[in-house]
Structures are given as structure tokens and as C-alpha cells.
Amino acid sequence: DTDIVLTFTGGSGSDGVITWMEDEAHFKFDSDLLVIDDKKLIFGTDSDVSIEYDEDGENRLRVEGAPVVISGGEGESGDLHIYADQGDDAGDEWKISVADSGVMTFGNDIASAGTYVTHLTITPHATVASSTVAFAGSISTDGGVTVGTTIIPDTSGGADIGSAAAEWGDVYIADDKKIKF
């Protein structure tokens, strides 16, 4: 009914300590764990899930056998941070966040390193047609955009709505279409 401590005494004062935490029923390591290149941490009774640092040219952390799940604490968002290089400059970091309500946001720290500004928000609804996708800035495309009907940009800077026929620089609305306010 007590914790069991195993201490490896190093000659230069750098001891290694492993503790069996009796009440918590797990091990605690007081130092880093090192898994060498191309070796795996293997999980599960059937050994069907693993995490591996792949050194063979890719230098990537690979999870095999299971999806990667990112979750926050009860009532908190689940956040995934993606960094370019070391994430130390403004614009290097992206954050994908899923709130407790299911709203997903994509933010970047372009204005100030480590401070995220939301660029895209996806708000789900039980009826998919009532879900929304909101862009904080402009939307650019090389093709058409479908919004219940097709909007086709023409070569003169106009747009055709509900028709594939290009007109001359104005917005063309097909004969059977209406504008409602």
C-alpha cells in the first residue's frame, strides 16, 4: 500500500527515477523517455496500435492502427496546433479548434506570434442545410462557386447567376431567376 521508487544513481548527479504510484496504479518517470529512431511504442492487448518516430528520411511521428484523437477537458475545446519551422515567428502557427458546441475554427497568428485570429468558422446544425461556413476575409477561386445555383465569373469582370452564358461585364440573372430581399 505504498509507492515503490526505483532510483538509478548517476555519477554526475543525474539520477533516473521510476516510481510505481500505488494509489493511481501507474508508473511515473522523473526523467525523459528516449525511444530511438525507427522504434515503436506499442499499445493494446493485441499490440494493434503503435506510435513511431520515423527517421528514415521523413522525420515524422507516425500513429498506426488507430485514429488520432485530440480532446479538451470537460467543456473545453480540443485544439490542434500546426507549426511551420519552430513556430517562433508570426504567421508560422495555425490552430484548429473544435468547441464544446461543435463549432470548428481555423486561426493563424499572422498578426502576432502565439495570438490566433479566426479565419474560417464552421458551425454545424442537425439539418445540414442550416449549417454555416463563414470566411473572415475574401474568397478566391479559379472556377465557379455553387450557392444553391451556379455563379460563373466571366472574362469581363461580371458574373452569371443561374446561366452558363457569359454576358458583358455586368451581373446576368437568367430569365427564370429572381432576386429576393
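Trainee: Just to check I follow, could you spell out the sheet that holds strand β2 (residues 16-21) for this structure?
Mentor: Hydrogen bonding along the main chain pairs the strands of a sheet, whether they run parallel or antiparallel. Taken in spatial order, the 3 strands line up as β1-β2-β3 in an open sheet, and their pairing is antiparallel. Each edge of the open sheet is held by one strand with a lone partner, namely β1 (4-8) and β3 (26-29). Within the sheet, the average angular offset between the axes of one strand and its neighbour, ignoring direction, is 15 degrees. Note that β1 and β2 share 5 bridges and pair antiparallel.

Trainee: Just checking my understanding: could you explain the pattern of salt bridges for this structure?
Mentor: Side-chain pairing between opposite charges can occur once the charged atoms of the two side chains come close. On inspection of all chains with the given rule, the structure shows 3 salt bridges. The residue glutamate 64 makes a salt bridge to lysine 40 at a minimum N-O spacing of 3.7 Å. On the criterion of sequence distance, the pair formed by glutamate 64 in strand β6 (residues 60-64) and lysine 40 in strand β4 (residues 40-43) is long-range, its members being 24 residues apart. Of the charged contacts, one joins glutamate 64 and arginine 62 as a salt bridge, the two residues approaching to 3.8 Å between their closest N and O atoms. With a relative accessible area of 34%, glutamate 64 lands in the partly exposed category.

Conventions and cut-offs
Residues numbered from 1 in each chain as written. Predicted model: local features only at pLDDT ≥ 70, side-chain atom pairs only at ≥ 80, totals over all residues. Heavy atoms only, no water. Pairing = 2+ DSSP bridges. Helix = DSSP H or I, 4+ residues; strand = E, 2+ residues; numbered from the N terminus. Axes fitted to C-alpha atoms, helices over the stretch in contact; angles between N-to-C directions. Salt bridge = Lys/Arg side-chain N within 4 Å of Asp/Glu carboxyl O. Buried < 20%, exposed > 50% of the residue type's maximum accessible area, 1.4 Å probe, protein only.

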